[in-house]
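So you can see what is in the structure, the chains are spelled out below.
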Amino acid sequence: MISTGDMLPEATLIQMGADGPEEVRVSDKTKGRKVVIFAVPGAFTGTCTTAHVPSFMRTKDQFDAKGVEEIICISVNDPFVMSAWGESTGATEAGLTMLADAASEFTKAIGMDFDAPPVGLLARSKRYAMLVEDGRIVALNLEENPGACGISAGEGLLDVI
């Protein structure tokens, strides 16, 4: 599993563009930039929709003031779901970037994958938030319980940066 000080591995994510799904390289999003990446177990799920995404919408201005250039939400879902979820929550309008890790490539590469068969979540991402500068993890807040959203919320990450 990755930790503070590590470089992010290369991986391809997918976002919805004007003409449909578009590949996005993690390095293109992070090289020479200061970004926040947070991940959720699933789009349209309870805590992810009612707590995690709204926490970054609430705190976006505070991250902007700290020089964060982009806030990226990642989930092991397809880009169509991520786009619809971004629209329905207001995250897209608020300026958050919704990226799909459809094949769980990035999530597995950083050791954040987990399964929860009793609730139908297979090959999903643990809940976390990180500050990344030029591809290097500067701060990483990982929730012990995927149903919790405390230290991985926008306010929780702001507390450590």
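So, a few notes on the structure that sits alongside this text. This structure is a prediction, so every number in the text was calculated from the model and none was measured.

Calculation criteria
- Residues numbered from 1 in each chain as written.
- Predicted model: local features only at pLDDT ≥ 70, side-chain atom pairs only at ≥ 80, totals over all residues.
- Heavy atoms only, no water.
- Disulfide = S-S within 2.5 Å.
- Buried < 20%, exposed > 50% of the residue type's maximum accessible area, 1.4 Å probe, protein only.
- Helix = DSSP H or I, 4+ residues; strand = E, 2+ residues; numbered from the N terminus.
- Lys, Arg positive; Asp, Glu negative; His and termini not counted.
- Salt bridge = Lys/Arg side-chain N within 4 Å of Asp/Glu carboxyl O.
- Polar contact = N/O pair within 3.5 Å; in protein donor to acceptor, adjacent residues only side chain to side chain.
- Contact = heavy atoms within 4.5 Å.

### A few points about the state of the cysteines
- The full count for this structure, using the stated rule, is zero disulfides.
- With no disulfide of its own, Cys73 lies 7.9 Å from the sulfur of Cys48, the closest cysteine sulfur.
- Its relative accessible area of 0% is what places Cys73 among the buried residues.
- The thiol sulfur of Cys149 is not disulfide-bonded, and the nearest other cysteine sulfur, from Cys48, lies at 8.1 Å.
- Using a relative accessible area of 22% as the deciding quantity, one classes Cys149 as partly exposed.

### Concerning the side chain of Asp101
- Considering the arrangement of structural elements, one finds Asp101 in the loop between β5 (97-100) and α5 (105-109).
- For the buried residue Asp101, which engages in no salt bridge, the nearest side chain bearing the opposite charge is Lys108, 8.8 Å off.
- At 3.0 Å, the side chain of Asp101 forms a polar contact with the backbone nitrogen of Glu105.
- If we skip the residues at most four places from it in the chain, Asp101 touches Leu13, Ile74, Ser75, Val76, Asn77, Phe106 and Thr107.

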